[in-house]
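Single-letter residue listing:
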Amino acid sequence: MRHSGLSPQRFSSYYAKLLEKGFLEEIFVGEDRKLVVLTKKGAKYLRDYKTVLNFIREFEL
Amino acid sequence: MMLNQISPYIDFSYFLAIFLLSLSIYFQTRKMQIFSLHRGIRYFRNAFLYFSMVYLFRFLVLNLQFLIIPPDLEPELSQSGTFLVIFFSFLSVFTLLSSFLWKRYRFISDNRLALLSLFIACVTFFIRLPLTLLILGVVAALFLVLKAYDSYSKKRQVISPLFFFYTLLLAFVLFDLVPITQQTMPFEFRIAGYIGSICVFVYINLKIRKVLTTGEDEEK
């Protein structure tokens, strides 16, 4: 949250949306630990996003 | 004599090649447009769709005699085809320019580009003023040279896609679209122009393929 530069409210809202859309997944380890991982769908989205950014840069769009 | 015989076949092959290469650019960028809804990408791919229309209609006008149509309809169809060639030529050039100007000039929109192209196409077609094409081509080329200079002064980048767009636009407007250059140009120069235009399109296709392949490789 610190690195995102977002307010706590906004961060929570975006985080919930990412979970809802299946880009992130919460994995519970034990009783008090929680891991947040990128799903396959999330990884694909990031790759597609990078491809689009490369394309925009290459063609100065 | 020999040249006169093979000339229509060369024109036929050239128009077909550019038509297919333009369509290939349009379809290759489809996924990216759906994914990003980026305006620059939309203008870029639409420009190549319009380029393909230009060459489709040029191809049809050129081969009208081979199509099964009543002979009395041929002049009207030829005129309509020529008008569509002029209209799509302007629209493709303006749309390609818009692909990198849309951020700076907010007034750019699809409707305005279409209306402006329609207006200039009407002026060119009905007043029989092919010189407007030449003047517009020179203005577009000058504008692109200034843009390229601006890009160079900021990024210190000599080889940029902008130069290839510049070559592409010059190749189209000054070589393909102005009838005077087509009629007076020696056959060898026309062939050189055809090869140059095809090379530009192949280059853009390969460049797009490279960007897409990098993404696909990462996915694997």
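Residues numbered from 1 in each chain as written. Chains lettered and ligands numbered in written order. Predicted model: local features only at pLDDT ≥ 70, side-chain atom pairs only at ≥ 80, totals over all residues. Heavy atoms only, no water.

## Some thoughts on the pairing of strand 1 (residues 24-29) of chain A
Residues and elements named next belong to chain A.
Here is step 1 of the chain: In the sheet, strand 1 pairs with strand 2 (residues 33-38) via six bridges, with the strands oriented antiparallel. By the bridge assignment for strand 2, Ile 27 is matched with Leu 35.
Here is step 2 of the chain: As consecutive antiparallel partners, strand 1 and strand 2 are separated by three residues, and within that stretch Gly 30 has a phi angle of approximately 70°, a positive value. (Pairing = 2+ DSSP bridges. Helix = DSSP H or I, 4+ residues; strand = E, 2+ residues; numbered from the N terminus.)

## A closer look at the packing of helix 3 (residues 39-62) of chain B against helix 4 (residues 74-101) of chain B
Residue and element names in this part refer to chain B.
Here is step 1 of the chain: It is the contact of helix 3 with helix 4, at a shortest axis distance of 8 Å, that shows an interaxial angle of 160°. The orientation of helix 3 with respect to helix 4, classified from their angle, is roughly antiparallel. Seen from above, helix 3 lies across helix 4 with left-handed handedness.
Here is step 2 of the chain: Grouping the constituent residues of the contact of helix 3 with helix 4 by class yields 15 nonpolar, ten polar and one charged. (Axes fitted to C-alpha atoms, helices over the stretch in contact; angles between N-to-C directions. Parallel < 35°, antiparallel > 145°, perpendicular 65-115°, else oblique. Left-handed = near helix turned anticlockwise from the far one by under 90°. Nonpolar A, V, L, I, M, F, W, Y, C, P; charged D, E, K, R; others polar.)

## As for unusual backbone geometry
Here is step 1 of the chain: Here the phi dihedral of Glu60(A) falls at roughly 50°; this positive angle occurs in a residue that is not glycine.
Here is step 2 of the chain: Along the polypeptide, Glu60(A) turns up in the segment after helix 2 (40-58).
Here is step 3 of the chain: Judged by its relative accessible area of 17%, Glu60(A) falls in the buried class.
Here is step 4 of the chain: Residue Leu37(B) is not a glycine yet carries a positive backbone phi of 55°.
Here is step 5 of the chain: Among the structural elements, Leu37(B) can be located in the loop between helix 2 (30-36) and helix 3. (Buried < 20%, exposed > 50% of the residue type's maximum accessible area, 1.4 Å probe, protein only.)

## Quick word on a nonpolar patch on the surface
All names here are of chain A.
Here is step 1 of the chain: There is a patch of nonpolar side chains on the surface, built from Leu 38, Tyr 45, Leu 46, Tyr 49 and Leu 53 and spanning about 490 Å² of accessible area.
Here is step 2 of the chain: Tracing the sequence through the fold places Leu 38 in strand 2.
Here is step 3 of the chain: Under the relative-accessibility criterion, Leu 38 is labelled partly exposed at 47%. (Patch = residues over 30% accessible without salt bridge, like charges linked within 9 Å, V, L, I, M, F, W, Y side chains within 5 Å. Areas by Shrake-Rupley, 256 points an atom, 1.4 Å probe, with all protein chains shown as cover. Salt bridge = Lys/Arg side-chain N within 4 Å of Asp/Glu carboxyl O.)

## Remarks on helix 5 (residues 110-126) of chain B
Residue and element names in this part refer to chain B.
Here is step 1 of the chain: The first and last C-alpha atoms of helix 5 sit 24 Å apart over 17 residues, in line with the 24 Å expected at 1.5 Å per residue.
Here is step 2 of the chain: Listed in full, the buried residues belonging to helix 5 are Leu 113, Ser 117, Ile 120, Ala 121, Thr 124 and Phe 125. End-on view of helix 5: buried residues confined to an arc of 130°, all on one side of the axis. Helix 5 presents Asn 111, Arg 112, Leu 115, Phe 119 and Phe 126 as exposed residues on the side facing more than 90 degrees away from its buried surface. (Expected span 1.5 Å × (residues − 1). Arc of directions from axis to C-beta.)

## Some thoughts on the pattern of salt bridges
Here is step 1 of the chain: Enumeration according to the criterion identifies four salt bridges over all chains in this entry.
Here is step 2 of the chain: Its salt-bridge partner being Glu26(A), residue Lys34(A) comes within 3.1 Å of it at the nearest N-O pair.
Here is step 3 of the chain: Between Glu58(A) and Lys207(B) there is a salt bridge whose closest N-O contact spans 2.6 Å. Highlighted residues: Glu58(A) in helix 2 and Lys207(B) in helix 9 (residues 187-219), drawn from two different chains.

## A short note on the nonpolar core
Among soluble globular proteins, nonpolar side chains are generally buried collectively.
Here is step 1 of the chain: In terms of nonpolar packing, the biggest core is built from 50 residues, with Phe55(A), Phe44(B), Phe48(B), Ile204(B) and Ile208(B) touching the most fellow members.
Here is step 2 of the chain: Among the elements that make up this core, the one with the highest residue count is helix 4 of chain B (13 residues).
Here is step 3 of the chain: In this view, Phe55(A) contacts Leu61(A), Thr29(B), Met32(B), Ile41(B), Phe44(B), Ile208(B) and Val211(B); residues no more than four positions away in its chain are not counted. (Core = buried A, V, L, I, M, F, W, Y, C linked by side-chain atoms within 4.5 Å. Contact = heavy atoms within 4.5 Å.)

## Brief notes about the packing of aromatic side chains
Here is step 1 of the chain: Throughout the structure, instances matching the rule amount to 24 aromatic pairs over all chains.
Here is step 2 of the chain: Centroid distance Phe11(A) to Tyr15(A): 5.9 Å. Interplanar angle 10°. Geometry classified as stacked. Taken together, the positions of Phe11(A) and Tyr15(A), both in helix 1 (residues 8-20) and four residues apart, correspond to about one turn of that helix.
Here is step 3 of the chain: The exposure class of Phe11(A) is partly exposed, given its relative accessible area of 25%.
Here is step 4 of the chain: Classification of Tyr15(A) as buried rests on a relative accessible area of 19%.
Here is step 5 of the chain: Note on Phe125(B) and Phe126(B): the rings are 5.1 Å apart at their centroids and 85° apart in plane angle, and the pair reads as edge-to-face.
Here is step 6 of the chain: Accessibility expressed as a relative area gives 9% for Phe125(B), which makes it buried.
Here is step 7 of the chain: On the basis of relative accessible area, Phe126(B) is assigned to the exposed category, the value being 58%.
Here is step 8 of the chain: Put simply, the rings of Phe55(A), Phe59(A), Phe44(B), Phe48(B), Phe51(B) and Phe201(B) pair up and form one aromatic cluster.
Here is step 9 of the chain: Lys41(A) extends its terminal NZ or CZ atom over the ring of Phe23(A), reaching a point 5.1 Å from the ring centre.
Here is step 10 of the chain: Positioned above the aromatic ring of Tyr43(B), the side-chain terminus of Arg42(B) is 5.2 Å from the ring centre. (Phe/Tyr/Trp six-rings, centres within 6.5 Å; stacked < 30°, edge-to-face > 60°. Lys NZ or Arg CZ within 6 Å of the ring centre and 35° of its normal.)

## Description of the side chain of Ser99(B)
Here is step 1 of the chain: In this structure, Ser99(B) sits in helix 4.
Here is step 2 of the chain: Classification of Ser99(B) by relative accessible area gives buried; the value is 0%.
Here is step 3 of the chain: A polar side-chain atom of Ser99(B) sits 2.6 Å from the main-chain carbonyl oxygen of Leu96(B).
Here is step 4 of the chain: Contact partners of Ser99(B), with chain neighbours within four places excluded, come to Leu61(A), Gly40(B), Tyr43(B) and Phe44(B). (Polar contact = N/O pair within 3.5 Å; in protein donor to acceptor, adjacent residues only side chain to side chain.)

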